[in-house]
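# Working through the structure, step by step
Chain by chain, the residues run as shown.
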Amino acid sequence: MADMQQLYDAVLNGDANLARSVTEKAIEDGFPPKDLLDSYMIPAMDEVGRLFEEDEYFVPELLISARAMKSALEILRPLLAEGGVEPVGKVAIGTVKGDLHDIGKNLVAAMLEGGGFEVIDLGVDVGPEKFIAAVKEKGVQVVAMSALLTTTMPSMKTTLQEIQAAGIRDQVKVMVGGAPVTERYASEIGADAYSDNASAAVTIARSFVNG
Ligand code: B1M
């Protein structure tokens, strides 16, 4: 019988191989995929977020936990889709035009997935047209933009202006983040929220979809 505490610990400690093998064993043993996610993996990621906020975990620990979570999720994702489990919401995330940094963006995407969101990862160097297409064609409720360069931060403003010009601003909440971005900048450009870390981004996205 799979030891489910091991799954929680594997995500918490960033052990991707163990996370994968316990998940495989649990599925073989007949554990419902959604229980694995809701009762062990998401609580472990919540704990990772808490430890990060309390300065007990740092970026490397976040990254390895996110990787462990992702490797177990790869097994669960098709099973969850089959079971018709609805995601809590849909987010399109990308690093803005001109910017190729993706470590922080990937971490935010993995934490959002861990938080039960369907994440459409648009990648890096993402222009306004791709964010707009995700809102129009995929029905995302949240657009999340990341920038690591002071020279690419204005792409966030341009994207917001183009979302407005496309007439879809009221259909979507926009969140921004990345090392040089500030709360003040977010409010100046008319974003709905700023987040300085991946775990807070999940809390904000949840507040958006829960009204
Ligand atoms: Co670049 N780089 N880089 N770089 N790079 C920085 C950002 C820099 C600060 C280094 C420095 O000079 N000290 C500097 C920017 C200066 C500035 O503009 N103020 C810089 C520069 C100048 C450049 C180049 C221009 C260098 C050159 O070619 N001359 C070039 C630009 C390329 C381009 O993008 N067009 C460049 C290239 C690169 C590499 C390709 C080598 C590599 C990126 C690899 C990759 O991402 N795949 C790289 C790296 C690794 C860095 C540093 C060292 C690390 C960035 C990182 O990954 N941090 C960085 C210096 C530093 O930060 N110490 C630097 C870890 C990551 C987890 O943190 O992304 O901040 P971060 O994400 C956090 C939060 O910000 C937040 O959550 C994350 C987790 O808590 N967050 C969000 C991020 N996005 C969010 C979105 C949200 C919410 C929260 O929702 C919307």
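One numbering rule holds for all chains: residues counted from 1, following each sequence as written. Side-chain atom pairs in this predicted model are given and counted only at pLDDT of 80 or more, local residue features only at pLDDT of at least 70, and totals for whole chains, interfaces and linings cover all residues. Processing note: side-chain calculations cover all non-hydrogen atoms of the structure and skip hydrogens and water entirely.

### So, the coordination of the cobalt atom of the ligand
Distances up to 2.8 Å from the metal define which N, O and S atoms are donors, and 3.2 Å serves for Na, K and Ca; water is absent from the atom set, so sites may look incomplete. Within the protein, a single donor atom binds the cobalt atom of the ligand, namely His 101 (NE2) at 2.2 Å. Secondary structure counts use DSSP, requiring at least four H or I residues in a row for a helix and at least two E residues in a row for a strand, with both numbered from the N terminus. Checked against the element boundaries, His 101 lands in the loop between strand 1 (90-95) and helix 5 (103-114).

### Regarding the site of the ligand
Near is defined per residue: the residue qualifies when any heavy atom it owns lies within 4 Å of the molecule or strand. In the vicinity of the ligand there are 25 residues, among which Leu 100, His 101, Asp 102, Ser 146 and Thr 150 approach most closely. Ser 146 has a polar side-chain atom sitting 2.7 Å from a nitrogen atom of the ligand. Secondary structure elements with two or more residues in the shell around the ligand: helix 5, strand 3 (142-146) and strand 4 (173-177). We call Asp, Glu, Lys and Arg charged. Ala, Val, Leu, Ile, Met, Phe, Trp, Tyr, Cys and Pro are nonpolar, and the rest, Gly among them, are polar. Its residues assigned to classes, the shell around the ligand shows 13 nonpolar, nine polar and three charged. In protein, a polar contact requires one atom able to donate a hydrogen and another able to accept it; more generally it is a pair of N or O atoms within 3.5 Å, and residues adjacent in sequence count only if both atoms are side-chain atoms.

### Things to note about the pairing of strand 2 (residues 118-121)
Here the rule is simple: two strands pair whenever DSSP picks up at least two bridges between them. As defined by bridge partners, strand 1 adjoins strand 2 across four bridges and the pair is classed as parallel. Looking at the pairing, Ile 93 lines up with Asp 121 of strand 2. Place the viewer so that the strands point away; then a crossover is right-handed whenever the path from the first strand over the helix to the second strand goes clockwise. Between the parallel elements strand 1 and strand 2, the chain passes through helix 5 in a crossover that is right-handed.

### What about the packing of helix 5 against helix 9 (residues 198-209)?
Each axis is a line fitted through C-alpha atoms, and for a helix only the stretch in contact is used; angles between axes span 0 to 180 degrees, taken between their N-to-C directions. Two numbers describe how helix 5 lies on helix 9: the axes approach to 8 Å, and their chain directions differ by 50 degrees. Relative to helix 9, the element helix 5 lies oblique. As for how helix 5 packs across helix 9, the hand of that crossing is right-handed. For the pair helix 5 and helix 9, contact is made by Leu 107, Val 108, Met 111 and Leu 112 and by Ala 198, Ser 199, Ala 201, Val 202 and Ala 205, respectively. Angular relationships are summarised with four words: roughly parallel below 35 degrees, roughly antiparallel beyond 145, roughly perpendicular across 65 to 115, and oblique for the angles in between. Left-handed describes a crossing whose near helix is turned anticlockwise from the far helix by less than a right angle; the clockwise case is right-handed. Between two residues, a contact is recorded if the distance between any of their heavy atoms is within 4.5 Å.

### Re the packing of helix 1 (residues 4-13) against helix 3 (residues 33-53)
Close contact between helix 1 and helix 3 brings their axes to 8 Å; oriented N to C, the two are set at 35 degrees. Helix-helix and strand crossings are classified by hand; for helix 1 and helix 3 the assignment is right-handed. Taking contact as the criterion, the partners of Met 4, Leu 7, Tyr 8, Val 11 and Leu 12 in helix 1 are, on helix 3, Leu 36, Tyr 40, Met 41, Pro 43, Ala 44, Met 45, Glu 47, Val 48 and Leu 51. In terms of residue class, the contact of helix 1 with helix 3 is made up of 13 nonpolar, no polar and one charged.

### What to know about the pairing of strand 1
Think of it in three bands: residues with accessible area under 20% of the maximum for their type are buried, residues over 50% are exposed, and the middle band is partly exposed, with areas taken using a 1.4 Å probe on protein chains only. Among the six residues in strand 1, five count as buried, and that is most of the element. Both strand 1 and strand 3 contribute to a ladder of five bridges, which runs parallel. Residue pairing for strand 3: Gly 94 is matched across the bridge by Met 145.

### Some remarks on the domain arrangement of the protein
Domain start and stop points were drawn from an automatic or database domain assignment. Once the domains are mapped, the protein shows domain 1 (4-82) and domain 2 (90-210). Inter-centroid distance (C-alpha atoms) of domain 1 to domain 2 is 24 Å. Using a 1.4 Å probe, buried area is obtained as the accessible area two parts lose upon being combined, added over both of them. Summing the contributions of domain 1 and of domain 2, the shared interface buries around 1000 Å²; its carbon and sulfur component is 69%. Summed over the shared surface of domain 1 and domain 2, the result is one residue pair in polar contact (both at pLDDT 80 or more). Elements supplying a minimum of two residues to the side of domain 1 that touches domain 2: helix 3 and helix 4 (59-82). For the side of domain 1 that touches domain 2, the element with the most residues is helix 4, which contributes seven residues. Residues belonging to the side of domain 1 that touches domain 2 are distributed by class as follows: eight nonpolar, one polar and four charged.

### Things to note about the sheet that holds strand 4
Across the sheet, five strands lie side by side as 2-1-3-4-5; this open sheet has parallel pairing. Looking at the sheet topology across the chains shown, the edges are occupied by strand 2 and strand 5 (193-195). For this sheet, the mean inter-axis angle between neighbouring strands, taken without regard to orientation, is 25 degrees. Against the sheet, helix 9 engages strand 3, strand 4 and strand 5, with an angle of about 155 degrees to strand 5.

### Side note on unusual backbone geometry
Working note: non-glycine residues mostly have negative phi, and peptide bonds are mostly trans. In this structure, Asp 55 is a non-glycine residue whose phi angle is positive, near 60 degrees. Relative to the elements of secondary structure, Asp 55 occurs in the loop between helix 3 and helix 4. Positive phi is not limited to glycine here, since Asp 125 has a value of about 55 degrees. Position of Asp 125 among the secondary structure elements: in the loop between strand 2 and helix 6 (128-138).

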